[in-house]
Amino acid sequence: MTYIDILKSKSECNIVVLTGAGISAESGIKTFRDGNGLWENHKVEDVATPEGFAANPSLVYKFYNERRAQLLSGEVHPNPAHIALAELEKALKSNIWIVTQNVDNLHERAGNQNVIHMHGELASAKCAVTNQAQNWVAELNASDRCHCCSPGTPLRPNIVWFGEIPYNMEKIETLLFDADLFVSIGTSGNVYPAAGFVSFANQCNAYTLELNLEPSNGQTQFAESRQGPASELIPEFVSNCLKYL
Ligand code: OAD
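For clarity, every value in this text was computed on a predicted model and none was experimentally measured.

Enquirer: Would you take a moment to explain the side chain of Ser27 for this structure?
Expert: Along the chain, the position of Ser27 falls in the loop between helix 2 (22-25) and helix 3 (38-41). With relative accessibility at 8%, the residue Ser27 sits in the buried group. Apart from the residues lying within four places of it in its own chain, the contact partners of Ser27 are Val76, His77, Pro78, Asn79, His82 and Leu106.

Written as structure tokens, this is what we have:
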């Protein structure tokens, strides 16, 4: 059996797509764990933990400022994988959700609206006290203050760091509970809770499909796993969805 048999058997199909850094690699954004990835050149504990931020806020602001600047530079664009998923949402409307670990905004720029950023967003900053988020496209520095406190307190990148709880977990669990098809794209399966979604989706009787450049850590848990670049695999997947759904 393949996912195509599932598509053929359903008149309506609830799809949950989990995306990771691999879907944005062909847009020029570095992944974390591939050769020359972000974690090869930076220590996770320095730039992606609350303790690292407390110890050296300037380093952490700089790390995310550079990534935000690249994302918004005009050099980075959605690639065929993002664009195909946006076409699928246009066709299926409320029956597809993208749960992304990515902090870029390429799904939205491609046209997806049903997007959950479980690890936060680069183009956003949040109050370190109330957690209230606001759009942020400029450089972020220690002197920037929130508008929700009086006097304003320092803002921090709106990124979920290691040791913090990802956003919207209840909503994600509800979506997985109702899913007919769970598709994991461009993620190595190293970071929980996202790495555990395949097991939860299996328990909820969804068909589970992995589309990744190489087998992920959790590959054996998927009903089906296909390897290749996202810019090829995702347009093919979407064209089959549009054909059979
Ligand atoms: P990783 O860097 O761990 O994994 C990226 C995956 O994408 C790898 O399995 C690659 O084989 C695959 N890949 C690379 N290029 C690809 C391409 N063109 N097409 C398809 N697949 C490709 O990134 P994530 O799994 O997203 O968290 O990492 C998860 C989390 O770890 C991130 O959200 C981040 C990080 O620490 C936080 O910062 C909180």
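Enquirer: What is the right way to read the sheet that holds strand 9 (residues 224-227) from this model?
Expert: Backbone hydrogen bonds are what pair the strands of a sheet, in a parallel or an antiparallel way. Across the sheet, six strands lie side by side as 3-2-1-7-8-9; this open sheet has parallel pairing. The open sheet has two free edges, formed respectively by strand 3 (115-117) and strand 9, since each of these has just one partner strand. Recorded for the sheet is a direction-independent mean angle of 15° between the axes of neighbouring strands.

Enquirer: Would you mind going over the sheet that holds strand 5 (residues 133-135) with me for this structure?
Expert: Strand order in the open sheet made by the three strands is 5-4-6, with antiparallel pairing throughout. Each having just a single partner strand, strand 5 and strand 6 (155-159) make up the two edges of the open sheet. Pairwise comparison of adjacent strand axes, ignoring direction, gives a mean angle of 45° for this sheet. Relative to strand 6, strand 4 (residues 120-127) runs antiparallel, the two being bridged by four bridges. Each bridged residue has a counterpart across the sheet, and for Lys126 the counterpart in strand 6 is Arg156.

Calculation criteria
Each residue is numbered by its place in its chain's sequence as written, counting from 1. Only residues with pLDDT of at least 70 are given local features in this predicted model, and only at 80 or more are side-chain atom pairs given and counted; all residues enter the totals for whole chains, interfaces and linings. Heavy atoms from the whole structure form the basis of all side-chain values; hydrogens and water molecules are not counted. Secondary structure elements follow DSSP: runs of H or I of four or more residues count as helices, runs of E of two or more count as strands, with numbering from the N terminus. Three labels apply to residues, based on accessible area from a 1.4 Å probe with only protein chains included: buried if under 20% of the type maximum, exposed if over 50%, partly exposed otherwise in between. The criterion used for residue contact is that any of the two residues' heavy atoms lie within 4.5 Å. Paired strands, in this sense, are two strands between which DSSP finds at least two bridges. What counts as an axis is a line fitted to C-alpha atoms, over the stretch in contact for a helix, and the angles between N-to-C directions run from 0 to 180 degrees.

All quantities given are derived from atomic positions and should not be read as evidence of function.
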